[in-house]
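Given next are the chains, with one letter for each unit.
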Amino acid sequence: MSDAVAVITGSAEPKTTARLDTETHDLRGRTVRGALVAGMAQGTAFVLRTGSMIAMARLLFPRDFGLFGMVTAFTGVLALFRDFGLSMASVTNITVTEAQLSTLFWVNLAAGVTLTGVCALSAPGLAFFYHEPRLVLITLALSTGFLFSGASVQHRALLQRAMRFGSIAIADTAGLMVGIAAAITMATLGFGYWALVVLSVMPAAVSAVCVWAFTGWIPGRPVRQSGVRSMLWYGGTVTLNNFVVYVAYNADNVLVGRFWGAEALGIYGRAFQLISIPTENLNSTISQVAFPALARLRNEPAKLNRYFLRGYSLFFALVVPLTASCALFAEDIVQVFLGPHWRDVVPIFRLLAPTMLVFAVINPFGWLMMATGYTARSLRIALMICPVVILACFFGLKGGPQGVAAGFSAAMLLLAIPVVVWAKYGTAMTARDVVSSTWPPLVAVAFATAITFVVSRFLTAFNLALLHLSVESAIFFGSYAAVLLFGLRRYPAYLMLLREIRPVTNAG
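Residues numbered from 1 in each chain as written. Predicted model: local features only at pLDDT ≥ 70, side-chain atom pairs only at ≥ 80, totals over all residues. Heavy atoms only, no water.

This paragraph deals with helix α18 (residues 431-456). Taking 1.5 Å of rise per residue, the 26 residues of α18 would be expected to cover 38 Å, and the 37 Å separating its terminal C-alpha atoms lies within 8% of that figure. The largest bend along α18 reaches roughly 30° and is located at Thr 438, with the proline Pro 440 sitting one to four residues downstream. The complete set of buried residues in α18 reads Val 434, Ser 437, Thr 438, Pro 440, Pro 441, Ala 444, Val 445, Ala 448 and Thr 452. Close packing links the buried residues of α18 with α12 (301-328), α15 (353-371), α17 (400-424) and α19 (465-487). (Helix = DSSP H or I, 4+ residues; strand = E, 2+ residues; numbered from the N terminus. Expected span 1.5 Å × (residues − 1). Bend = angle between axes of the 7 residues up to and from the residue. Buried < 20%, exposed > 50% of the residue type's maximum accessible area, 1.4 Å probe, protein only. Contact = heavy atoms within 4.5 Å.)

As structure tokens, then:
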């Protein structure tokens, strides 16, 4: 056994133990630094993903994306089981021994091998379900990704425990860059949907190699009585929760693909991917840092409440204008990022905007529940969401992809308040706390929308979509920032955050 576990955490504990530092006096500094690193990484990822999306939309056809989406709707379900929630269990436990980490590694690897086999065996069934024989080879190729993911789960968890977000960022960025380069090359050479397969598998392989190199940890043999039972129980609950949520949030793709075909699914999938990229990147950035920080504070309710609300208000303030701009500038966004032959994406793109807004409202409460051990409650909330969303999408099916998108958004708007009320129940958080965190961005967006609407009447001379979008965005986001920071006096709160960053970065 190497000394990696002790070295990574910077702990003075014995070399056989990785201890989660419960000291919180420098937690703010480490959290802010982590947020900076994760934010820069996600910013890079956003640019790379957006660039690859623009390139792929012009090199491939809707049917290529539809075929790929038919398979990923299923492989996404399997992907929920590849770490069995054990990465989160490793991060939230105060102390993790070498025996526990090694045992969890082999559990994850076994899960990866099993999922690879299940995915490969399901290939003929998927081809039969969608009446599309080409899905067999696509499914077999995508199945290999589970091996790489299973082999790297605990290594990533070690880095996250130590809040070494820079190492995670390098691994993810390297994988993404290699995958995008390979995918664009293949698309240019005419390999069609195979470029999307490479874009899915290659980043996982490169990232796995990187995190192994960064940790230097070589797992030992699994130990029967290593005390992982409680961690497996936690991980199982997390996995079941993720499974239920995935079924709810991907029923739309399955229904569109099954009843309207690959072409319609390709259009619907492009709309969903394009509108969700900003939200997903911000959610990934903040949750990656917030989760270990909240886990350290789970025994200090007042401080936990304060930290969560600060992160929540920041996340919401960033997501709301992005979501609103998608609804306002849908035509120009689709024209610029996908191209003129994707015009059918526009109405779907606009109809999905409310869904993204509700995600911004409820997703952070998922971090809170998972980090503080309320996994059973999170599962019950997911079981409430699932049937409502599926039924709404099913009833919208007659209207095609647009009807499904409208049903999805209607269901999420209906669920937003019940989910928040249930998630915060029993915590120190009040309804007033939640409203105080959300109303300033909503008011600022309303003012910015009105200003942009008035000014846009004078922008008819800008016929080029990119120029028109640039001018509109500058007006909208500039107005939003001015109203939020100065009109609603949120400037001092963000200035305080900047002052917290300065000593941390100087020390780093």
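A few words now on the nonpolar core. Within the largest apolar cluster, 106 residues are counted, with the highest numbers of intra-cluster contacts made by Tyr 268, Phe 349, Phe 365, Val 389, Phe 408 and Met 412. Here the element with the most residues in this core is helix α11 (residues 229-296); it accounts for 17 residues. In contact with Phe 365, other than residues within four places in its own chain, are Phe 308, Tyr 312, Val 420, Ala 423, Lys 424, Met 429 and Val 434. Core analysis: the next-biggest nonpolar cluster, separate from the first, contains 7 residues, Leu 159, Ala 171, Val 206 and Val 211 among them. (Core = buried A, V, L, I, M, F, W, Y, C linked by side-chain atoms within 4.5 Å.)

Below, the discussion takes up the packing of aromatic side chains. Inspection of the entire model under this criterion finds 17 aromatic pairs. Centre to centre, the rings of Tyr 193 and Trp 194 are 5.6 Å apart; their planes meet at 40°, and the pair counts as tilted. Residue classification places Tyr 193 among the buried positions, given a relative accessible area of 14%. Relative accessible area serves as the criterion here: at 25%, Trp 194 is assigned to the partly exposed category. Between Phe 308 and Tyr 312, the ring centres sit 5.6 Å apart and the planes meet at 10°, which makes this aromatic pair stacked. (Phe/Tyr/Trp six-rings, centres within 6.5 Å; stacked < 30°, edge-to-face > 60°.)

Another aspect to go through is the confidence of the model for the chain. Looking at the chain, pLDDT values average 79 and 79% of them are 70 or higher. Averaged pLDDT values over the elements of the chain bottom out at 43 in helix α1 (residues 4-9) and peak at 93 in α17. Low pLDDT, under 50, characterises residues 1-25; the predicted model gives this stretch 56 contacts beyond four residues in sequence or across chains. Below pLDDT 50 for its whole length, residues 501-508 participates in 6 contacts with residues either more than four positions away or in separate chains. (pLDDT = per-residue confidence, 0-100.)

With their axes 9 Å apart at the nearest point, helix α8 (residues 153-161) and helix α10 (residues 194-215) run at an angle of 55° to one another. Taken as axis vectors, α8 and α10 run oblique relative to one another. The way α8 lies across α10 gives a crossing that is left-handed. Across from His 155, Arg 156, Leu 158 and Leu 159 in α8, the residues of α10 making contact are Ser 207, Val 211, Trp 212, Phe 214 and Thr 215. Split by residue class, the contact of α8 with α10 holds 5 nonpolar, 3 polar and 1 charged. (Axes fitted to C-alpha atoms, helices over the stretch in contact; angles between N-to-C directions. Parallel < 35°, antiparallel > 145°, perpendicular 65-115°, else oblique. Left-handed = near helix turned anticlockwise from the far one by under 90°. Nonpolar A, V, L, I, M, F, W, Y, C, P; charged D, E, K, R; others polar.)

Quick look at the environment of His 341 now. Structurally, His 341 can be placed in the loop between α13 (330-337) and α14 (345-351). With a relative accessible area of 46%, His 341 lands in the partly exposed category. Spatially, the C-alpha atoms of His 341 and Ala 57 are 9.3 Å apart, while their sequence positions differ by 284 residues.

On inspection of all chains with the given rule, the structure shows 2 salt bridges. Between Arg 134 and Glu 132 there is a salt bridge, and its shortest N-O distance comes to 2.9 Å. Owing to a relative accessible area of 34%, Arg 134 belongs among the partly exposed residues under this scheme. For Glu 132, a relative accessible area of 10% gives the class buried. Across the salt bridge formed by Arg 156 and Asp 172, the nearest N and O atoms sit 2.8 Å from each other. Here Arg 156 is found in helix α8, whereas its partner Asp 172 is found in helix α9 (residues 165-188), with 16 residues between them in sequence. Using a relative accessible area of 29% as the deciding quantity, one classes Asp 172 as partly exposed. (Salt bridge = Lys/Arg side-chain N within 4 Å of Asp/Glu carboxyl O.)

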